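# Coordinate analysis (summary)
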Amino acid sequence: MPGAGMKSTEANTVNNAEPFDVVDIIRTKRDGGAWKMEHIAWVVDAYTRGVVSEEQMAALAMAIFLRGMNREEVAQWTGAMIASGSTLDLSDLGKPTVDKHSTGGVGDKVTLPLGPLVASFGVAVPQLSGRGLGHTGGTLDKLEAIPGWSPEMSTPRMKEILCEVGAVVAAANADLAPADRKLYALRDVTATVDCLPLIASSIMSKKIAEGTSALVLDVKVGSGAFMRDVDSARQLARAMVDLGTDAGVSTRALLTDMEVPLGRTIGNALEVREAVEVLGGGGPGDVRELTCALARAMLELAGIRDADVEGALDSGRAMDTWKRMVEAQGGDPAAPLPVARHTHEVRAERAGYVDALDALALGVGSWRLGAGRARKEDRVQAAAGIELHVEYGQRVEPGQPLLTLHTDTPERFARAEEAVLPGIHIGAEPPAPRTLIHDVIS
Ligand code: URA
């Protein structure tokens, strides 16, 4: 293998119509050298145009994975991904805009109550979301469990809903950061997803292109998240807050726990049901607490201090906005949600305290029941998932129900149980309490 100072044997790949040679750009990063800023703009653009091949971008992504990128490089890379497509202009809405992005967790249905809650204070919340891949569910998959609801709409219609209702959840348009769409699919099959500068630039390119003027990031930490420990999550949060701030978007990040699932349900329709409970002033304490903390942060960035967000949930004001949002997107908020054809209970084998309720194990279990997809083309089951009957730290007795597994295809129960059982542990002593919000980065 040629090392530093050795002559490269690669074929000359220079395309005379192009200003740079991608092999030089890959080699520079591979060897830990410094890129010129124009290299980055060119390589992202040339990849989008198909001039840089998938193989070359795979090598470059791995070089970035191994060598990293400095702050200037990440900012330039993010800018190039934004420039690969179109951007939305929301400045004519006549109200402040603020969005939230979660790095992905198990049972994380917070987007559903959060948008209407924040919008009920007169702020526009333009959520452009995707479908889930792997063990974390996608917001669109969850909302599509509501009969009639659709995320497809034109940009003028999206703006109309933002003006009239204040909250919308729309499918991200294919022309929003297309370089990221292509690169994310490539990273998925080249073991380069869990790379801090690539995650930060991928998320922030889409959020900046969406045109929001403020953004709150929910950076998840724990077994069910990309970032397994608080220090790595803090670094990711710092990188994203810097990218947002440098691009003129007021950005704040909350680091929140994802060692255990959020709330008592995992899976699309089950999570919608729980989100509606929160909108009605009830629901599990952790979902309500996180929804309110994120809402307060969003409203502060939009210039509204000391908002009574709990009051807006308890009074039904946020619920009214939710119903209007669902109706504006073709859904019937009063329609019954789909129910799985088969259920299976998992019970405690001994007495003690629940000292492990592993988010990753339960996320994989729900996915195996049919709530998630392995490939982009797969269909999800709206009613599949897991209902938790116990919380972390709770005392249980032998035979007490711990979980109910839901699916339309009962042959999935065995594989789902194989995934969830090692993630649940009952110990003799009560475990140390968990913290839901670890830190705030601004
Ligand atoms: N979500 C994204 O949009 N991009 C990543 O790279 C990781 C999570």
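Scoring rules and cut-offs
Every chain begins its residue count from 1, and numbering advances along the sequence as written. A pLDDT threshold of at least 70 governs which residues receive local features in this predicted model, and a stricter bar of 80 or more applies before side-chain atom pairs are shown or counted, although totals over entire chains, interfaces and linings include all residues. Side-chain metrics rest on all non-hydrogen atoms present in the structure, leaving aside hydrogens and water. UniProt positions are given in the numbering used here, feature names are shortened, and annotations may be inferred rather than shown by experiment. Paired strands are those between which DSSP finds at least two bridges. Strands are runs of DSSP state E lasting at least 2 residues, helices are runs of H or I lasting at least 4, and numbering of each runs from the N terminus. Only the contacting stretch of a helix is used when fitting its axis, a line to C-alpha atoms as for every element, and angles between N-to-C directions run 0 to 180 degrees. Residue contacts follow a heavy-atom distance rule, with two residues in contact if any of their heavy atoms lie within 4.5 Å. Every patch collects residues that have over 30% relative accessible area and no salt bridge, joining them within 9 Å if they carry like charges and within 5 Å if they are nonpolar side chains (Val, Leu, Ile, Met, Phe, Trp, Tyr). Where accessible areas are quoted, they stem from the Shrake-Rupley method and a 1.4 Å probe; at the residue level, only the protein chains shown are allowed to cover. Should a side-chain nitrogen of Lys or Arg be within 4 Å of a carboxyl oxygen of Asp or Glu, the pair is scored as a salt bridge. Accessible area is worked out with a 1.4 Å probe on protein chains only. A residue is then buried under 20% of its type maximum, exposed over 50%, and partly exposed in between. Any residue with a heavy atom positioned within 4 Å of a molecule or strand is treated as near that molecule or strand. Whenever a nitrogen or oxygen atom comes within 3.5 Å of another N or O atom, the pair is scored as a polar contact, on the condition that within protein one atom can donate a hydrogen and the other can accept it, and that pairs from neighbouring residues in sequence are kept only if both atoms are in side chains. Under the scheme applied, nonpolar residues are Ala, Val, Leu, Ile, Met, Phe, Trp, Tyr, Cys and Pro; charged residues are Asp, Glu, Lys and Arg; polar residues are all the others, including Gly. Centres within 6.5 Å are what make two rings of Phe, Tyr or Trp a pair, Trp counting through its six-membered ring; a difference in plane orientation under 30 degrees is then read as stacked, over 60 as edge-to-face, and the rest as tilted. Orientation labels follow simple angle bins: below 35 degrees gives roughly parallel, above 145 gives roughly antiparallel, 65 to 115 gives roughly perpendicular, and whatever is left gives oblique. Start and end points for every domain follow an automatic or database-based domain assignment. Buried area is calculated as the accessible area (1.4 Å probe) missing from two parts once they are joined, with the contributions of both summed.

As annotated in an unreviewed UniProt entry, the protein chain carries the name Pyrimidine-nucleoside phosphorylase and comes from Corynebacterium lowii. One UniProt comment on the protein chain, placed under Subunit (unreviewed entry), says "Homodimer."

## A look at the sheet that holds strand β13 (residues 437-441)
One open sheet accounts for four strands, arranged β1-β4-β5-β13; its pairing is mixed. Across the chains shown, the open sheet's two edge strands, defined by having one partner strand only, are β1 (98-102) and β13. Here the average twist between neighbouring strands, direction ignored, is 15°. Note that strand β4 (residues 214-221) and strand β5 (residues 250-257) share eight bridges and pair parallel. Its bridge partner being in β5, Val221 is matched across the sheet by Asp257. Most of the contacts of helix α10 (residues 230-246) go to β5, to which it runs at about 165°, and overall it touches β4, β5 and β13.

## A short note on a nonpolar patch on the surface
Nonpolar side chains collect at one region of the surface, where Met62, Phe65 and Leu66 lie side by side and expose about 270 Å² of accessible area between them. Along the chain, the position of Phe65 falls in helix α3 (residues 54-67).

## Details of the pairing of β1
By the criterion of burial, β1 is predominantly enclosed, with four of the five residues buried. As judged from the five bridges shared by β1 and β4, these two strands associate in the parallel manner. Bridging from a neighbouring strand, His101 pairs with Leu217 of β4.

## With respect to the pattern of salt bridges
All chains considered together, the criterion is met by 29 salt bridges. The salt bridge partner of Arg234 is Asp439, with a shortest N-O separation of 3.0 Å. Placement of the pair is Arg234 in helix α10 and Asp439 in strand β13, with a sequence separation of 205 residues. Taking the relative accessible area as the measure of exposure, Arg234 reaches 31% and is therefore partly exposed.

## Description of the site of the ligand
Taken together, Tyr184, Arg187, Ile199, Ser202, Ile203, Lys206 and Phe226 make up all the residues around the ligand. The separation between a nitrogen atom of the ligand and a polar side-chain atom of Tyr184 is 3.5 Å. Interatomic distance of 2.6 Å between a side-chain N/O atom of Ser202 and a nitrogen atom of the ligand. Notes on the ligand: free accessible area 240 Å², of which the protein chains cover 91%. Residue assignment for the shell around the ligand shows that the elements contributing at least two residues are α8 (178-188) and α9 (196-209). Counting residues per element, the shell around the ligand draws most heavily on α9, at four residues. For the shell around the ligand, the class distribution of residues is four nonpolar, one polar and two charged.

## Section: the UniProt feature "domain: Pyrimidine nucleoside phosphorylase C-terminal" (unreviewed entry) in the protein chain
Mapped onto this numbering, the UniProt entry gives "domain: Pyrimidine nucleoside phosphorylase C-terminal" (unreviewed entry) at residues 353-427. Helix and strand shares over residues 353-427 are 28% and 29% respectively, and the end C-alpha atoms of the span are 5 Å apart.

## As for the packing of aromatic side chains
Within the structure shown, the criterion is met by two aromatic pairs. Between the aromatic rings of Phe20 and Trp42, the centroid separation amounts to 5.9 Å while the plane-to-plane angle is 65°, which identifies the pairing as edge-to-face. Of this pair, Phe20 sits in the segment before α1 (22-30) while Trp42 sits in helix α2 (residues 37-49); the two residues are 22 residues apart in sequence, bridging distant segments of the chain. Judged by centre distance (6.2 Å) and plane angle (10°), the rings of Trp35 and Trp77 are stacked. Taken together, the residues span a long stretch of sequence, with Trp35 in the loop between α1 and α2 and Trp77 in helix α4 (residues 71-83) at a distance of 42 residues.

## Side note on the side chain of Thr190
Structurally, Thr190 is set in the loop between α8 and α9. Polar contacts involving the side chain of Thr190 include one to the main-chain carbonyl oxygen of Leu186, which spans 2.8 Å. There is a polar contact of 2.9 Å between the side chain of Thr190 and the side chain of Thr192. Not counting residues within four places of it along the chain, the set of residues in contact with Thr190 comprises Ala58 and Met62.

## Looking at the packing of helix α11 (residues 268-279) against helix α14 (residues 317-328)
With their axes 8 Å apart at the nearest point, α11 and α14 run at an angle of 140° to one another. As summarised for this structure, α11 and α14 are arranged oblique, according to the angle between their axes. From α11, Val272, Val276 and Leu279 reach across to α14, where they touch Ala318, Met319 and Trp322.

## Topic: the sheet that holds strand β11 (residues 401-407)
Backbone hydrogen bonds are what pair the strands of a sheet, in a parallel or an antiparallel way. Judged by pairing direction, the sheet is antiparallel, and its four strands sit side by side in the order β6-β9-β11-β7 without closing on themselves. Two strands close off the open sheet at either side, each with one partner strand: β6 (265-266) and β7 (342-347). Along the sheet, helix α16 (residues 413-420) contacts β7, β9 (385-388) and β11; its crossing angle with β11, the most-contacted strand, is approximately 140°.

## Looking at the domain arrangement of the protein chain
Annotation of the protein chain at the domain level lists domain 1 (22-84), domain 2 (98-329) and domain 3 (342-427). Once you take the C-alpha centre of each, domain 1 and domain 2 turn out to be 28 Å apart. Opposite the 21 residues of domain 1 that make contact, domain 2 presents 23 residues. Buried area between domain 1 and domain 2, both sides added, is near 1900 Å², and the carbon and sulfur share of it is 74%. Summed over the shared surface of domain 1 and domain 2, the result is two salt bridges. Here Arg71 ties to Asp246 by a salt bridge, and the two come within 3.0 Å at their closest N and O atoms. Across the domain 1-domain 2 interface, the total number found is four residue pairs in polar contact (both at pLDDT 80 or more). Of all elements in the fold, only α2, α3 and α4 reach the threshold of two or more residues within the side of domain 1 that touches domain 2.

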